[in-house]
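What the coordinates show
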Amino acid sequence: MGIVETFLNAEVFVRTWPLLVKGLWVTLQLGASSILAGLVLGLGLSMVRLYALWPLRFLARIYIDVFRSIPVLVLLIVVYYALPFVGIRLSPFVSAMTALSLVSGAYTAEIFRAGIEAIPRGQFEASAALGLTARQTMIDVILPQAIRVVIPPLTNNSINVVKDTALASVVAMPDLLKQATQAQALAANPTPLIGAALIYLAFLWPLVALVTRMERRFGARRR
Amino acid sequence: MSGFVSIRNLRKFYGDFEVLKGIDLEIEKGEVVCVIGPSGSGKSTLIRCINRLEDFSEDSAILVDGIHVTPGRSLARVRAEVGMVFQSFNLFPHLTVRENVMLAPRRVRRTPRAAARAQADRLLARVGIAEQADKYPELLSGGQQQRVAIARALAMEPQVLLFDEPTSALDPEMVGEVLDVMRALAGTGVTMVIVTHEMGFASQVADRVIFMDGGRVLEVGPPDQVLGAPQEPRTRNFLSAVLNH
């Protein structure tokens, strides 16, 4: 068999395409929900990390450091295989989403913190002088400016989350990669794997390019 | 007898360094006070204490309209009564000029949108930039930005306005337009405390001039006295250095 027939077999591709689409759908759901949960968690953590009383601030720092240090795969396996021993039994989807958003939240918290710290002190002072509360200052003045700064790194982090969804296949999540490996076994041909890789690329390459463009634009504006 | 703004034994430390060494000052309602002095004399720190952008020593007290300026719930009330104009404008870059002026009344005073908008347009007209209302601050000149900052402070209808070197960051040709707006304000009954290097402006507009050096008030009095016939040698030295540069 030739290279094309082995890796890009049209007949196998057409036959396994429905499986891949099903897997892609699961991957996208997992990616989107983990990104969203990670954003909420990260924003909350960054507020605690910056403005809470010192014991909470300290705990937030420890959380952020721990979850940036632990490999997602290890965390996922702990959540899925270890937690049942203490009676917590999570579905593959919930396990994967938990692991992904716990880690994404830690990274997101650092991104938000950097974004907020990049806002000049004068913005806080002008808000205070006008009588705005700390909460109003954050919502009306600081965050709208910080979000512009953090969109490129947040997009970057989101790309990483989507890539890491592939790890969920080890806990029997029927995501894109899992469907592809199953289809490969079924068809006795690696074409579905190549198909899955191309689908990941098709979704993530434009995002990577977008981040590069945004970074260039923001960089140019700051000068 | 205490003034509308009452500063009693104001002391402040940066670590071991004493920036303000016990300042007593009573400012009457409607009074225009200009604070002058060499850089590092503590004049900016002094007015930043009035709305507590700077903390100060426990044994000091500042009262505005009888309310102690202490951290806590009363602080927001004081800050709503005390407007501030900064050297570097500190406009909100993500909001249009009009939105900059509307934000605090909307959020702090809960003014309805239409009323806040009408008020913003009125104030922007008053400082001479009505036609820029829909632009973002970065598109305006420094002088225009500072006038927006004044309109933004006025939107809270403050009893006291603090100016922290409002013309020091401006190109020379824009100083006049900002001083004109301030001069017009001085006649309206709002209490003004102005840190400035503009001696001509101080002598025309101030009811009292305060000369500070080394964290102390060295001389207080009407402008023709402090600027015209200073008693303290350090005031004389400072004035001759400023006027003959």
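The record in UniProt for chain B states the following under Subcellular location (unreviewed entry): "Cell membrane".

Chain A goes by Amino acid ABC transporter membrane protein (PAAT family) in an unreviewed UniProt entry, where it is assigned to Rhodovulum kholense. On record in UniProt, under Function (unreviewed entry), the comment for chain A is "Part of the binding-protein-dependent transport system for glutamine; probably responsible for the translocation of the substrate across the membrane." As its UniProt record puts it under Sequence similarities (unreviewed entry), chain A is described as follows: "Belongs to the binding-protein-dependent transport system permease family. HisMQ subfamily."

Considering the side chain of Ser41(B)
All names here are of chain B. Mapped onto the elements, serine 41 comes out in the loop between β3 (32-36) and α1 (43-50). Looking at serine 41, the relative accessible area reads 1%, which means it is buried. For serine 41, the side chain forms a polar contact with the main-chain oxygen of proline 38, separated by 2.7 Å. Those residues in contact with serine 41 that lie beyond four places of it in its chain are Val19, Met212, Asp213, Gly214 and Gly215.

Brief notes about the UniProt feature "domain: ABC transmembrane type-1" (unreviewed entry) in chain A
With numbering aligned to this structure, UniProt lists the feature "domain: ABC transmembrane type-1" (unreviewed entry) at residues 24-212 of chain A. With 82% helix and 0% strand, residues 24-212 of chain A has its two end C-alpha atoms placed 25 Å apart.

Concerning the UniProt feature "transmembrane region" (unreviewed entry) in chain A
Residues and elements named next belong to chain A. The residues that UniProt annotates with the feature "transmembrane region" (unreviewed entry) are residues 24-50, 62-83 and 193-212. Taken end to end, residues 24-50 has its terminal C-alpha atoms 38 Å apart, with 100% of it in helix and 0% in strand. Spanning residues 193-212, this segment combines 100% helix with 0% strand, and its end C-alpha atoms are found 28 Å apart.

Side note on the confidence of the model for chain B
With 99% of its residues at a pLDDT of at least 70, chain B reaches an overall mean of 94. Two numbers describe this predicted complex: its pTM, 0.87, and its ipTM, 0.94.

What counts, and where the lines are drawn
- Residues numbered from 1 in each chain as written.
- Chains lettered and ligands numbered in written order.
- Predicted model: local features only at pLDDT ≥ 70, side-chain atom pairs only at ≥ 80, totals over all residues.
- Heavy atoms only, no water.
- UniProt positions renumbered as here; feature names shortened; annotations may be inferred.
- Helix = DSSP H or I, 4+ residues; strand = E, 2+ residues; numbered from the N terminus.
- Buried < 20%, exposed > 50% of the residue type's maximum accessible area, 1.4 Å probe, protein only.
- Polar contact = N/O pair within 3.5 Å; in protein donor to acceptor, adjacent residues only side chain to side chain.
- Contact = heavy atoms within 4.5 Å.
- pLDDT = per-residue confidence, 0-100.

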